Amino acid sequence: MPAPKMLKLPEVLEEIEMSRAAFYRMHARGKAPKLIKLPNEQLRCRRSDLNAWWSSMEDAA
């Protein structure tokens, strides 16, 4: 079974068309897609988590 697709934070920001500062504000409020911190301190987002977040945004609208 292949590993889940992991997106780098800049890829996520480009897809959701949001600045890093706005993303971190949203993340602090618990409203951003789930992030995973790797041992090297880099952040990743699973494609499935980003898709779930998109769905939740559609439901909220």
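Residues numbered from 1 in each chain as written. Predicted model: local features only at pLDDT ≥ 70, side-chain atom pairs only at ≥ 80, totals over all residues. Heavy atoms only, no water.

As recorded in an unreviewed UniProt entry, the protein chain goes by the name Helix-turn-helix transcriptional regulator, listed as coming from Streptomyces pratens.

Colleague: Please set out the side chain of Arg44 residue by residue, giving values where relevant.
Modeller: Counting through the fold element by element, Arg44 comes out in strand S3 (residues 43-46). For the buried Arg44, which has no salt bridge, the nearest side chain bearing the opposite charge is Glu11, at an N-O separation of 6.5 Å. Of the polar contacts made by the side chain of Arg44, one reaches the side chain of Gln42; its length is 2.8 Å. When residues no more than four places from it in sequence are discounted, the contact partners of Arg44 are Met6, Leu7, Lys8, Lys34, Leu35, Ile36 and Leu38. (Helix = DSSP H or I, 4+ residues; strand = E, 2+ residues; numbered from the N terminus. Buried < 20%, exposed > 50% of the residue type's maximum accessible area, 1.4 Å probe, protein only. Lys, Arg positive; Asp, Glu negative; His and termini not counted. Salt bridge = Lys/Arg side-chain N within 4 Å of Asp/Glu carboxyl O. Polar contact = N/O pair within 3.5 Å; in protein donor to acceptor, adjacent residues only side chain to side chain. Contact = heavy atoms within 4.5 Å.)

Colleague: Got a sec to walk through the sheet that holds S3? Specific residues and values, please.
Modeller: Read across the sheet, 3 strands follow the order S1-S3-S2 without closing on themselves; strand pairing throughout is antiparallel. The open sheet terminates on both sides in strands that have one partner only, identified here as strand S1 (6-8) and strand S2 (36-37). Relative to S1, helix H1 (residues 9-16) is tilted by about 85°, and along the sheet it contacts S1 and S3. (Pairing = 2+ DSSP bridges. Axes fitted to C-alpha atoms, helices over the stretch in contact; angles between N-to-C directions.)

Colleague: Report on the packing of aromatic side chains, specifying residues and quantitative values.
Modeller: Each aromatic ring pair is summarised here by two numbers: the centre-to-centre distance and the angle between the ring planes. What the rule picks out here adds up to 2 aromatic pairs. Here the aromatic rings of Phe23 and Tyr24 are separated by 6.1 Å at their centres, their planes lie at 75°, and the arrangement is edge-to-face. With a relative accessible area of 0%, Phe23 lands in the buried category. (Phe/Tyr/Trp six-rings, centres within 6.5 Å; stacked < 30°, edge-to-face > 60°.)

Colleague: Outline the pairing of S3, listing residues and values.
Modeller: Relative to S3, S1 is paired through 3 bridges, and the arrangement is antiparallel. The partner of Leu7 across the bridge, within S3, is Cys45. Sheet analysis places S2 next to S3, joined by 2 bridges and oriented antiparallel. Of the residues in S3, the one forming a bridge with Ile36 is Arg44. Between the antiparallel neighbours S2 and S3 lie 5 residues, among them Glu41 with a positive phi of about 75°.

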